[in-house]
Amino acid sequence: MKKSFQKITITTAVIVISLFFACKKNEVAASSYLPQDVKESCTISPTEFDSWFATGKVSENGLVKPASSVDFPHNNNCDFYKWSEQMFLWITSPSSGEYGSGGTVMESPEFYTVTPENNGQRELISHKKGELLNMSSHITQNGPNRLPIIFDKKGQMYEVETLAEETTEKMLVLNSTGQKTEFDHLKANASGGISFFDKRGNEIRKVKPIFKRKYKTKFILQEFKLGKKSVFLDSNGDIIDTETGQATGDALMTVNGSLVYYISMVNDVYAYFLTGAKDGKLNGSQFPTDSIGRNAIIAYAKAQGKTLKNPDALAIELKMSWVEASSIKDLSNYITIDARIPTYDTINPKKWTPNGERIAKLALIGVHVVGSVAGHPEMIWATFEHLKNAPNASYTYVNKENKIDTVQQDGGNDWLLNNDAKDTVVNVSHIKDKSGNLVSVYYDNDTKDTLRFTVSPSNTLRTKPWGVAPTGVPNQRNKNAAESNSEIISINNSVINKLLGNDVRKNYILIGATWTEGGFGPSGASYSAQNTTKGVAIGTSQLANSTMETYFQHGKDFYTNGSCFYCHSGNNGLAPSDLSHIYEKLNPLVFKTK
């Protein structure tokens with residue numbers, strides 16, 4: 001649901017969202033993408049599906065109501081997957097009629113855009129008809145300490161205390177005797193290693209970093225600079241050999257050259273809960289999960305002159321990914337937006353610099369849907385993708401005869417994020433955002449032999465197609481990956497086959513959803529036969545979205561910290577700031593004085 005990068009100034013694009021309803025045959029039928037002989041282990045009845053629609057009857061591109069999170073049953077995995085499906089259909093429903101704003105529900109006044117971080121602060125921007133929203137052309141992944149993430153050559157994930165672009169602050173380290181010493185610069189030594197020096201030119205031996213604060217985990221590195229190259233030191237003073245040698249935000253590009261753009265939103269319940277909690281008027285110890293918490297938010301909003309439209313939905317957080325429509329073959333299969341996006345001077349193939357903006361049409365390719373429900377203040381973390389994003393690696397499922405079948409890795413060269421499904425070099429970042437510039441990976445390193453890439457597309461593979469590793473036990477209710485995969489495939493089939501006609505939402509699939517048993521505070525680890533402790537991620541416990549966690553899928557094998565909760569957790573805490581990366585830095589709503 002996933003995630004080394006330093007915080008940067010975010011390039012914005014202005015958007016107006018609209019739903020593209022064209023009556024053309026779907027380019028890729030879900031029936032040819034999803035196994036139709038899967039065991040029906042997670043389904044929705046026609047009667048229940050009808051009840052999801054505002055009119056009480058399924059209709060093509062019809063308005064779907066949000067799930068009642070306050071009455072969430074949470075009896076089995078399927079309950080979580082059905083909640084996820086209904087919430088996705090709701091936010092992507094047309095918002096005309098009772099919403100009256102045009103476009104989609106997520107464009108309506110029920111949602112607020114979360115601005116990119118600026119000087120450690122974020123703002124909530126209300127959605128109003130005709131007013132514009134903000135978008136980013138890159139994504140920054142932070143760990144549980146809200147620091148950028150980086151991997152070493154062995155695949156171990158670390159968080160990084162990065163250096164500011166320009167700073168006059170003294171940098172202190174510990175020397176061989178444990179005394180604080182002011183660090184000045186690095187030099188490569190004769191043996192091929194790196195030496196540390198103070199301002200007088202004296203070598204500092206057996207250096208250990210002094211971190212700025214106490215962290216929740218031990219896998220923390222401190223960044224130093226050798227020319228333009230980054231050097232990372234762990235708490236023991238060991239230099240860690242990392243994959244890219246830098247910790248910045250990734251940018252993703254389609255095979256046709258469109259950048260991927262991102263935007264985050266929250267619903268009105270979330271916005272008023274946050275505001276009331278930070279105003280000291282509401283209990284902000286955890287996200288709302290019951291009628292008591294809901295009623296308190298309703299009353300607080302009413303006191304500010306606001307009537308919440310769907311308070312039973314409880315707190316919802318969204319993150320979405322979009323690409324330029326010009327990179328899409330058939331827009332009738334996509335939800336689209338009109339947007340103002342940044343333009344770049346591309347004369348240098350290894351460094352693009354922003355030089356303006358233009359208006360473009362964008363298409364939706366990925367969505368994270370996160371929400372609090374009854375009994376689960378840690379929230380359900382679900383993710384969706386378009387059918388044509390990227391090829392799937394091989395996976396297994398249980399068929400209707402209760403036998404395990406294998407689906408081989410997808411082939412072809414017509415994927416949005418992959419031009420050769422046979423390529424074995426996949427999920428390797430080509431582009432980073434550095435201070436608003438798009439630079440090729442390794443571009444800032446000194447050694448010429450590492451300049452492997454330009455600002456260009458990379459081939460993406462969905463290594464765990466339905467959010468679990470191919471071996472091992474994924475959760476307490478499925479004894480193997482095939483059973484877990486079957487539940488996700490089954491609910492996708494059940495929903496998609498019940499949508500009528502050319503409903504554009506047929507082209508989007510649930511990849512999975514994750515949560516913890518009994519709503520316990522997440523530990524950051526994923527469920528396994530060796531780790532069934534409280535707080536481990538269950539459901540699809542190795543979940544990632546190929547458009548947002550592209551380079552954080554951890555391959556095909558099980559990875560202990562491969563869950564959404566590795567980054568969205570804090571010592572088994574359930575405080576909103578433990579779980580959400582946006583909550584702590586979001587400023588409350590400002591109300592007009594009566």
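Residues numbered from 1 in each chain as written. Predicted model: local features only at pLDDT ≥ 70, side-chain atom pairs only at ≥ 80, totals over all residues. Heavy atoms only, no water.

> Whenever I open this one, the packing of helix 3 (residues 77–91) against helix 6 (residues 481–496) confuses me. Can you help?
Two numbers describe a pair of packed helices, the interaxial angle and the distance between the axes. Between helix 3 and helix 6, the least distance of the axes is 10 Å, while the angle of their chain directions is 40°. The pairing of helix 3 with helix 6 is recorded here as oblique in orientation. Relative to helix 6, the crossing made by helix 3 is right-handed. Residues N77, Y81, K82, E85 and L89 of helix 3 touch helix 6, and the partners they reach there are E487, I488, I491, N492 and V495. Residue classes in the contact of helix 3 with helix 6 are distributed as 5 nonpolar, 2 polar and 3 charged. (Axes fitted to C-alpha atoms, helices over the stretch in contact; angles between N-to-C directions. Helix = DSSP H or I, 4+ residues; strand = E, 2+ residues; numbered from the N terminus. Parallel < 35°, antiparallel > 145°, perpendicular 65-115°, else oblique. Left-handed = near helix turned anticlockwise from the far one by under 90°. Contact = heavy atoms within 4.5 Å. Nonpolar A, V, L, I, M, F, W, Y, C, P; charged D, E, K, R; others polar.)

> Would you mind going over the side chain of S95 with me for this structure?
Its place among the elements puts S95 in the loop between helix 3 and strand 2 (111–114). Residue classification places S95 among the buried positions, given a relative accessible area of 0%. Polar side-chain contacts of S95 include one of 3.2 Å to the backbone oxygen of T104. (Buried < 20%, exposed > 50% of the residue type's maximum accessible area, 1.4 Å probe, protein only. Polar contact = N/O pair within 3.5 Å; in protein donor to acceptor, adjacent residues only side chain to side chain.)

> Even after reading the chapter, I still don't get the packing of aromatic side chains, so can you show me in this structure?
For any pair of aromatic rings, geometry is given as the distance between the ring centres together with the angle between the planes. In total, this model carries 21 aromatic pairs according to the counting rule given. Consider the rings of F80 and W515, whose centres lie 3.7 Å apart with planes at 0°: the pair is stacked. Taken together, the positions of F80 in helix 3 and W515 in strand 26 (residues 508–516) put the pair 435 residues apart, joining distant regions of the chain. The two residues F80 and W515 agree in class, both being buried. (Phe/Tyr/Trp six-rings, centres within 6.5 Å; stacked < 30°, edge-to-face > 60°.)

> I would appreciate a short explanation of the state of the cysteines in the present structure.
A covalent bond between the sulfur atoms of two cysteines is referred to as a disulfide. Across all of its chains, the model carries 1 disulfide by this definition. Through a disulfide, C42 is tied to C78; the S-S separation comes to 2.1 Å. Across the S-S bond linking C42 and C78, the dihedral sits near 85°, which makes this disulfide right-handed. Highlighted residues: C42 in the loop between helix 1 (30–33) and helix 2 (46–52) and C78 in helix 3, separated in sequence by 36 residues. The exposure class of C42 is buried, given its relative accessible area of 1%. You can call C78 buried: its relative accessible area is 9%. With no disulfide of its own, C567 lies closest to C564 among cysteine sulfurs, the gap being 8.8 Å. (Disulfide = S-S within 2.5 Å.)

Worth remembering: the numbers are spatial, not functional.
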